[in-house]
Amino acid sequence: VIPTEKERENMGKNKLLNQENLRLLKGAEVTTIDLSTISKMWLNEFNQATQRGDIKLMLNLIDNLALESSEIADQIRNLVNKYEFNYLLDLIQSYL
């Protein structure tokens, strides 16, 4: 089923609301990250690596992502370095 334009608009608003809620829950030090341009395949792989706590794979995936978007990769790497795995999981799952 292909979503209507209104449904797509609402999905976009929901993602923005989810991002805002995540930012508020974590506090002002965490920047909202827009993952809408990132492939579902990458998001799934990163989600699985994060669930397993496989930091080596997470950093490898981030290095690959940097080829497409260095800014997003840097933001995600910063969260990994701070061990913000729950935040990352919540963020990624809001895009899956």
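The model shown is predicted, which means the values in this text are computed figures rather than measured ones.

Peer 1: Could you clarify how one ought to interpret the pattern of salt bridges in this entry?
Peer 2: A side chain with one charge can pair with a side chain of the opposite charge if their charged atoms come near. Counted according to the given criterion, the structure contains two salt bridges. Note that Arg-77 and Asp-63 form a salt bridge whose closest N and O atoms lie 2.8 Å from each other. Linking Arg-77 in helix 4 (residues 70-81) with Asp-63 in helix 3 (residues 55-66), this pair joins segments that are 14 residues apart in sequence. By relative accessible area, Asp-63 is classed as partly exposed at 42%.

Peer 1: Honestly, the packing of aromatic side chains in this entry has me stumped. Any pointers?
Peer 2: Each pair of aromatic rings is reported with the distance of its centres and the angle of its planes. Counting across every chain of the model gives two aromatic pairs. Between Trp-42 and Phe-46, the ring centres sit 4.8 Å apart and the planes meet at 10°, which makes this aromatic pair stacked. Of this pair, Trp-42 and Phe-46 both sit in helix 2 (residues 40-52), four residues apart, which is roughly one turn of the helix. Geometrically, the ring pair formed by Tyr-83 and Phe-85 is edge-to-face, given 5.9 Å between the ring centres and 65° between the ring planes. On the accessibility criterion, Tyr-83 (59% relative accessible area) is exposed.

Conventions adopted
- Along each chain, residue indices are assigned from 1 in the same order as the chain's sequence is written.
- With the structure being a predicted model, the display of local features is reserved for residues of pLDDT at least 70 and the display and counting of side-chain atom pairs for 80 or more, all residues being used for whole-chain, interface and lining totals.
- To obtain the side-chain values, all non-hydrogen atoms of the structure were included, while hydrogens and water were left out.
- Any Lys or Arg side-chain nitrogen found within 4 Å of a carboxyl oxygen on Asp or Glu counts as a salt bridge.
- The numbering of helices and of strands both runs from the N terminus, where a helix is a DSSP run of H or I of at least 4 residues and a strand a run of E of at least 2.
- Each residue is assigned to one of three classes by its accessible area relative to the maximum for its type, calculated with a 1.4 Å probe on protein chains only: buried under 20%, partly exposed between the two thresholds, exposed over 50%.
- Within 6.5 Å between ring centres, the rings of Phe, Tyr and Trp (the latter by its six-membered ring) count as paired, and their orientation is classed by plane angle as stacked under 30 degrees, edge-to-face over 60, tilted in between.

Limitation: the analysis is restricted to geometry and does not speak to function.
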